[in-house]
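# Examination of the molecular architecture
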Amino acid sequence: FFLETASRVMALRSVLRVHSRGGVLGTGRSATRTFSSGAAGAARRIKLYDTTLRDGTQGEGISLSLHDKLAIAERLDDMGFDYIEGGYPLSNEKDVAFFEQVRRLSLRHATVAAF
């Protein structure tokens, strides 16, 4: 069990490192997509809502530090996500601290939301 959990955390860190170095995820493309559909072919914008910082931490043995959560929020913003669900601030002190400190980040794309 521990190795499985550790490998999930390592995989997430690896993805974040690849992105921060301009690798596969660092293509500069926004996570927001525009596509055409329907008879008129009108363009529609899809907004992406990421739940990694809340739902992604619900697995047994998964725990992100405050620093981890802030770093992940910055990476998600860099990838162009429109919304980042930061957690549930009434549930624990770490989420309260996250919502206090995330305001200090210079997020360019994302709006941070609470569960």
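Before any of the text, the structure's been laid out above.
Computed from a predicted model, the values in this text were never measured in an experiment.

## Here we look at the overall build of the protein chain
When helices and strands are counted, the protein chain shows three helices and five strands. Reading the protein chain from its N terminus to its C terminus gives the helix and strand order α-β-β-β-α-β-α-β. Across the 115 residues in the protein chain, those meeting the buried criterion constitute 28%. In the protein chain, of all internal contacts separated by at least 6 residues, the share reaching a separation of at least 24 is 65%. Split by element, the accessible area of the protein chain, about 7,500 Å² in all, is 54% carbon and sulfur.

## Side note on the pattern of salt bridges
Under the counting rule described, the total for this entry stands at four salt bridges. Across the pair aspartate 82 and arginine 45 runs a salt bridge, and its minimum N-O distance is 3.2 Å. One end of the pair, aspartate 82, is in the loop between helix H2 (66-78) and strand E4 (83-85); the other, arginine 45, is in strand E2 (residues 42-46), and 37 residues separate them in sequence. For aspartate 82, a relative accessible area of 9% translates into the label buried. The partner of aspartate 95 in a salt bridge is lysine 69, and the shortest N-O contact between them spans 2.5 Å. Here aspartate 95 is found in helix H3 (residues 93-101), whereas its partner lysine 69 is found in helix H2, with 26 residues between them in sequence. Aspartate 95 gets classed as buried once you look at its relative accessible area, which sits at 7%.

About the cut-offs
Residues numbered from 1 in each chain as written. Predicted model: local features only at pLDDT ≥ 70, side-chain atom pairs only at ≥ 80, totals over all residues. Heavy atoms only, no water. Helix = DSSP H or I, 4+ residues; strand = E, 2+ residues; numbered from the N terminus. Buried < 20%, exposed > 50% of the residue type's maximum accessible area, 1.4 Å probe, protein only. Contact = heavy atoms within 4.5 Å. Areas by Shrake-Rupley, 256 points an atom, 1.4 Å probe, with all protein chains shown as cover. Salt bridge = Lys/Arg side-chain N within 4 Å of Asp/Glu carboxyl O.

Distances and angles like these do not, on their own, reveal function.
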